[in-house]
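Topology and contacts: notes
Listed below are the residues making up each chain.
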Amino acid sequence: MQVESFRTRPLDAGPYTFVAADALVLKVREGGRVVPVHALVATGVNADGHREILGLDVTSSEDGAGWLAFFRGLSARGLSGVALVTSDAHAGLVAAIGATIPGASWQRCRTHYAANLMATCPKASWPWVKTLLHSVYDQPDAASVAAQYDRVLDAVTEKLPEVAEHLDTARADVLAFTAFPKEIWRQIWSNNPQERLNREIRRRTDVVGIFPARDALIRLVGAVLAEQHDEWIEGRRYLGLDVLARSRLTLVDGAAPPDTAAAGLPAAQQALSA
């Protein structure tokens, strides 16, 4: 498939219940100098449970205007039925999601969030705080996740008020994944599933180093993405049809999925007493 036709094809395999967005910084020669540009990439899970490459665009900076144009383009091509978008917390990206995909929840990537939280935490305290944060994601159901988050806040409020404020502010966005069935939390609570894709893009673009023009960058990165897209479509389902149906039911009903009912809270709380 030609890269341009791949990038502009209709997105007609929806609803795309889950979407992830990320950006990579690459180098292009423009106006006699080398400048950084941002390759914006979105992936999604289609109605058949397969992952797709939804779009690729290149912008001068990872600002709100670039992301807004990117998501407007996806919507114009048919992106619909999105229940959750997973990404980092770049303000322009988050605003673009809200402006172009009404009704979708936003999941703040847990890996990026940990890095953001670490920046507010004294270095000596980070191992303890990191353990607390990880304990939130280790819970068996949504009620336990919420209860553990409360315990973490209680544990750090007095010792590390800035960390507590950061956690409290981010709570809804970090825990958006809990509205969906437990068996897919690992696939939706971070951008980690895209890391393999990013590594392959890096491997191919590192050979070039500095691209002579944006068109050249789009041709190479687009070819890599088209290859991956075909592998995903021809391979096994990424998410099962049953769990996708339940995820969409959650969106319609506005209720927690059946497997996230309140349960007994886990006993493993050693980190909280540190």
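Quantities reported herein were computed from a predicted structural model and do not represent experimental measurements.

Calculation rules
Residues numbered from 1 in each chain as written. Predicted model: local features only at pLDDT ≥ 70, side-chain atom pairs only at ≥ 80, totals over all residues. Heavy atoms only, no water. Helix = DSSP H or I, 4+ residues; strand = E, 2+ residues; numbered from the N terminus. Rg over C-alpha atoms; globule rule 2.2 N^0.38 Å. Buried < 20%, exposed > 50% of the residue type's maximum accessible area, 1.4 Å probe, protein only. Contact = heavy atoms within 4.5 Å. Areas by Shrake-Rupley, 256 points an atom, 1.4 Å probe, with all protein chains shown as cover. Lys, Arg positive; Asp, Glu negative; His and termini not counted. Charge placed at Lys NZ, Arg CZ, Asp CG, Glu CD. Pairing = 2+ DSSP bridges. Right-handed = clockwise from strand over helix to strand, strands pointing away. Expected span 1.5 Å × (residues − 1). Bend = angle between axes of the 7 residues up to and from the residue. Phe/Tyr/Trp six-rings, centres within 6.5 Å; stacked < 30°, edge-to-face > 60°. Lys NZ or Arg CZ within 6 Å of the ring centre and 35° of its normal.

1. Here we look at the overall build of the protein
Assigned secondary structure in the protein consists of 11 helices and six strands. The globule rule puts the C-alpha radius of gyration for 274 residues at 19 Å, and the 20 Å found for the protein is close to it. Counting across all 274 residues of the protein, residues that qualify as buried make up 49%. In the protein, of all internal contacts separated by at least 6 residues, the share reaching a separation of at least 24 is 69%. Accessible surface for the protein amounts to roughly 12,700 Å². Of this, 54% is attributable to carbon and sulfur atoms. Here the protein contributes 28 positive and 31 negative side-chain charges, whose respective centroids are spaced 5 Å apart.

2. Things to note about the pairing of strand β4 (residues 84-87)
Residues Leu84 and Thr86 line one face of β4 and the alternating positions Val85 and Ser87 line the opposite face, and both faces are buried. Taken together, the three bridges between strand β1 (residues 18-30) and β4 define a ladder with parallel strand orientation. Bridge pairing in β4 places Val19 opposite Val85. With four bridges connecting them, β4 and strand β5 (residues 105-108) associate as parallel partners. By the bridge assignment, Leu84 is partnered in β5 with Ser105. With respect to chirality, the unit in which β4 leads through helix α3 (residues 91-100) into the neighbouring parallel β5 is right-handed.

3. Focus: helix α7 (residues 161-174)
The terminal C-alpha atoms of α7, which comprises 14 residues, lie 19 Å apart, in line with the 20 Å expected from a rise of 1.5 Å per residue. At Asp168, α7 shows its largest bend, some 30°. Restricting attention to buried positions, one finds in α7 the residues Val163, Ala164, Leu167, Ala170 and Val174.

4. Re the environment of Asp173
Note that Asp173 resides in helix α7. As for Asp173 and Ala114, which are separated by 59 residues in sequence, their C-alpha atoms are 13 Å apart. Sequence-distant contacts of Asp173, defined by excluding residues within four places in its chain, comprise Trp106, Gln107 and Arg108.

5. Examining the environment of Arg236
Relative to the helices and strands, Arg236 is located in the loop between α10 (214-234) and α11 (241-253). Residue class for Arg236 comes out exposed when judged on its relative accessible area of 77%. Considering only alpha carbons, one finds Arg236 and Leu11, 225 residues apart in sequence, at a separation of 20 Å.

6. A closer look at the packing of aromatic side chains
Taken as a whole, this structure holds eight aromatic pairs when the rule is applied. Judged by centre distance (5.3 Å) and plane angle (75°), the ring pair of Phe18 and Phe180 falls under edge-to-face. Of this pair, Phe18 sits in strand β1 while Phe180 sits in the loop between α7 and α8 (185-188), placing them 162 residues apart in sequence. For the residue pair Phe18 and Phe180, the accessibility class agrees, reading buried in each case. Taken together, a centroid distance of 5.3 Å and an interplanar angle of 65° make the contact between Tyr137 and Trp189 edge-to-face. Of this pair, Tyr137 sits in helix α5 (residues 126-137) while Trp189 sits in the loop between α8 and α9 (195-208), and the two are 52 residues apart along the sequence. The same class applies to Tyr137 and to Trp189, which are both buried. By the ring-pair criterion, three or more aromatic residues cluster together here, those being Tyr137, Phe177, Trp185 and Trp189. In this arrangement the basic side chain of Arg110 is found over the ring face of Tyr137, its NZ or CZ atom lying 3.9 Å from the centre. One residue, Lys159, lies across the ring of Trp128, its end atom 4.7 Å from the ring centre.

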